[in-house]
Amino acid sequence: MNSTSSPVNAIAAELGRLDPAYAPTPLLNLPTLAERLGVAQVLAKDEGRRMLGSFKSLGGTYAGLRALARASRMQLADLLAARPKGQPTLVCASDGNHGLAVAAAARFAGAPARVFLHEGVPNARARRIENQGAEIVWVPGTYDNAVDAAAAAACQGAGILVADTTDDPNDPIVCDVMAGYGVTAAEIRDQVDFAGHGRPTHVFIQAGVGGLAAAMAEGLSGWLAPPGCIVTVDRKPPRVLRPRSRPVTRFG
């Protein structure tokens, strides 16, 4: 498949050189579900088959590697080949998957990582992060407390903060996170066109901290069929009307 976006193609190629598991995930056609919902088509992007089991591996890993390359003043390919000693620590807060992705970035580059987890994170998620070679710092309270602790540690010189949300639209690391997520949007465009599906009219995407939703909005803008509606869904999903004879794309 050939994406129409060459920067996204380059990101996909960089990640693909790290591990074959960064191959495009399938876009599933679900006719039975479409019939039950009364719409023309439902397509589901199965991100559970992505490297590390989540779309987060696109953003956190790519952004972490780019941050290390900038700090080392090296091209990314050269950094990965040399794995120089003395690299800064990658620091982040996480509920699990973002920390896993950042820890993987550090492992690929031969750098240390420190992941701040709040006390509600299951031990199984923490073990997966530790298996990537990262240090875990447990923080009392909620995810927001972990975010504050990671930011404070980075400000005190503990390392490079690899956050997946920010108030600064020009933050280079968060821009890299979203650029990594943009690989998914490019894959969807290619897969829909390759399979001859009608372009979706609606996209339903989990909100999270907003990075994936923003990347999908950017990557699919102007490509969706009218009305070109993108619906973000949080843990308490809103009531959504599903008109008949309209294809829908969902993300798994």
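This report concerns the structure included in the present document. (Residues numbered from 1 in each chain as written. Predicted model: local features only at pLDDT ≥ 70, side-chain atom pairs only at ≥ 80, totals over all residues. Heavy atoms only, no water.)

Turning next to helix H3 (residues 56–72). Helix length check: H3 (17 residues) gives 24 Å between terminal C-alpha atoms against 24 Å at 1.5 Å per residue, within 8%. Among the 17 residues that make up H3, 13 are buried, leaving the element largely enclosed by the rest of the structure. Immediately beyond the C-terminal end of H3, within one or two residues, lies Arg73, with a positive phi of roughly 55°. (Helix = DSSP H or I, 4+ residues; strand = E, 2+ residues; numbered from the N terminus. Expected span 1.5 Å × (residues − 1). Buried < 20%, exposed > 50% of the residue type's maximum accessible area, 1.4 Å probe, protein only.)

One pass over the full model with this rule turns up nine salt bridges. A salt bridge links Glu187 to Arg50; its shortest N-O distance comes to 3.0 Å. Placement of the pair is Glu187 in helix H8 (residues 172–195) and Arg50 in the loop between strand S2 (41–45) and H3, with a sequence separation of 137 residues. Put simply, Lys45, Glu47, Arg50 and Glu187 are held in one network by salt bridges that share partners. (Salt bridge = Lys/Arg side-chain N within 4 Å of Asp/Glu carboxyl O.)

Below, the discussion takes up the packing of aromatic side chains. Scanning the model with the defined rule gives one aromatic pair in all. Between Phe55 and Tyr181, the ring centres sit 5.2 Å apart and the planes meet at 70°, which makes this aromatic pair edge-to-face. With Phe55 in the loop between S2 and H3 and Tyr181 in helix H8, this pair connects stretches of sequence that are 126 residues apart. Taking relative accessible area as the criterion, Phe55 reaches 12% and is therefore assigned buried. Taking relative accessible area as the criterion, Tyr181 reaches 2% and is therefore assigned buried. Here Arg107 stacks its cationic end above the ring of Phe108, 4.6 Å away from the centre of that ring. (Phe/Tyr/Trp six-rings, centres within 6.5 Å; stacked < 30°, edge-to-face > 60°. Lys NZ or Arg CZ within 6 Å of the ring centre and 35° of its normal.)

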